[in-house]
Amino acid sequence: TRRIGLAACQMGPVQSGTSRAEVVGRLIAMLERAAAGGAALAVFPELAFSTFFPRSEIADETLLDSFYEDGFPNVETAPLLYAARRLNIGFAIGFAELIRDGGEARRFNSMALVDRSGTLRGLYRKIHVPGSEAPEPGVTVHLERRYFAPGDLGFPVFDLDGVRVGLALCNDRRWPETYRMLCLNGAEVVLIGYNTPLYLDEAPALAHLRMFHNHLPMQAGAYQNTLWVAAAAKAGLEDGQALIGGSCIIAPSGEMAALAISLQDEVIVHCADLDLIAACRRVNFDFARYRRPDQYRRIAEA
Ligand code: CDT
């Protein structure tokens, strides 16, 4: 049997003003717990190094820039990669990416994948960027579309010690296209980081469904694409906004294999049987045999 130990490292809140050093210390402590629990690959949340700053309108450019990483890894985040090497564990982590091309700044909501030797193996840039560019009346402020350009790297899949790993960020997890693209690109494991407000002003009638709508698309995505999914939330009351937890590891059968129970820093681990993928494919999803891409052309049109 082919197996890989997966860990989802949920984070409690990171309040504004928390230093990178403090956050990185918390992340390393969780990486240690993940490795001690037998994990070879861990996932951390989206925008893990700071508060979820798209919830506020930030006019001051210097303050805004302070939420981004000028390259990854950098001096402040490198200790996490040294820890990965020491602990022999890979990880994926979400961060705000700032690239300065001459006078022009490009900003992405990104996720880095690091292997067990502590080497950066690749980047993903969030494809489905939600929210708006300016606050809208009656709508919870969510300014990702002001602070991030849409991802331009597609849905890459990386080979990590023979396991094919894809990445996705928050709102991406609600879209079936995310999983299908990763599946078609050969992913066996999808690592997801998220920050999801518990309450949205624009949708009070859906308030009781926030956790259901967190797990529903990830379980469906895992099942319909025969993938393992490991997803890590930033959770709890962060700068006055409640974020849902519910970090989880989901099998290709769609079953919940592990589930976080707190809104704090919490590590969940599951030893994932990669042979389950083939078993699930045999039952319903022999893609090469049964898919009908000629009948799906509309999906690839605007
Ligand atoms: N971070 C992120 O993508 N959050 C979104 C909330 C969107 S509300 C405009 C999510 O889908 O959880």
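Only a predicted model underlies this, so the values are computations on that prediction, with no experimental measurement involved.

Parameters and conventions
Residues numbered from 1 in each chain as written. Predicted model: local features only at pLDDT ≥ 70, side-chain atom pairs only at ≥ 80, totals over all residues. Heavy atoms only, no water. Helix = DSSP H or I, 4+ residues; strand = E, 2+ residues; numbered from the N terminus. Rg over C-alpha atoms; globule rule 2.2 N^0.38 Å. Buried < 20%, exposed > 50% of the residue type's maximum accessible area, 1.4 Å probe, protein only. Contact = heavy atoms within 4.5 Å. Areas by Shrake-Rupley, 256 points an atom, 1.4 Å probe, with all protein chains shown as cover. Lys, Arg positive; Asp, Glu negative; His and termini not counted. Charge placed at Lys NZ, Arg CZ, Asp CG, Glu CD. Core = buried A, V, L, I, M, F, W, Y, C linked by side-chain atoms within 4.5 Å. Axes fitted to C-alpha atoms, helices over the stretch in contact; angles between N-to-C directions. Parallel < 35°, antiparallel > 145°, perpendicular 65-115°, else oblique. Left-handed = near helix turned anticlockwise from the far one by under 90°. Pairing = 2+ DSSP bridges. Phe/Tyr/Trp six-rings, centres within 6.5 Å; stacked < 30°, edge-to-face > 60°. Polar contact = N/O pair within 3.5 Å; in protein donor to acceptor, adjacent residues only side chain to side chain.

Summing up its helical and strand segments, the protein has 8 helices and 14 strands in all. Taking 19 Å as the expected radius of gyration for a compact globule of 302 residues, we find that the protein reaches 18 Å, a close match to that expectation. Referenced to the eigenvectors of the C-alpha coordinate spread, the extents of the protein come out at roughly 55 × 45 × 45 Å. With 302 residues in all, the protein has 53% of them scored as buried. Counting contacts in the protein only where the partners sit at least 6 residues apart, residues at least 24 apart contribute 71% of the total. Working note: accessible area of the protein is about 13100 Å², and carbon and sulfur atoms make up 54% of it. Charged side chains of the protein number 30 positive and 35 negative; the gap between the two group centres comes to 7 Å.

Looking now at the nonpolar core. By size, the foremost hydrophobic cluster in this structure holds 48 residues, and its most contacted members are Leu113, Leu167, Leu191, Met218 and Trp228. If one sorts the elements of this core by residue count, strand E9 (residues 228–233) sits on top with 6 residues. Cys9, Ala34, Phe44 and Ala48 belong to the second-largest nonpolar core, a separate cluster that totals 29 residues.

The next point concerns the packing of helix H5 (residues 176–184) against helix H6 (residues 210–225). Contact pair H5 / H6: the axes reach a minimum separation of 9 Å and the direction vectors enclose 30°. Relative to H6, the element H5 is oriented roughly parallel. Both H5 and H6 take part in a crossing whose hand is right-handed. Residue-level inspection shows Tyr179, Arg180 and Cys183 of H5 in contact with H6, the latter providing Pro217, Met218, Gly221, Gln224 and Asn225.

Within the open sheet, the 6 strands sit side by side as E6-E7-E8-E9-E12-E13. Their pairing is mixed. Edge positions in the sheet fall to strand E6 (157–160) and strand E13 (256–259), since each has one partner strand and no second. Neighbouring strand axes in the sheet, compared pairwise and without regard to direction, differ in orientation by 20° on average.

Our next topic: the packing of aromatic side chains. Between two aromatic rings, the relevant description is the distance of the centres plus the angle of the planes. A full pass over the atoms with the stated rule returns 11 aromatic pairs. Relative to Phe148, the ring of Phe53 lies with its centre 5.8 Å away and its plane at 55°, an arrangement referred to as tilted. Placement of the pair is Phe53 in the loop between strand E2 (41–43) and helix H2 (61–65) and Phe148 in the loop between helix H4 (144–147) and E6, with a sequence separation of 95 residues. Each member of the pair Phe53 and Phe148 is classed as buried.

Counting through the fold element by element, Glu238 comes out in strand E10 (residues 236–238). There is a polar contact of 2.9 Å between the side chain of Glu238 and the backbone nitrogen of Val14. With residues near it in sequence (within four places) discarded, Glu238 still touches Pro13, Val14, Gln15, Ser50, Thr51, Phe52, Arg55, Asn195 and Leu243.

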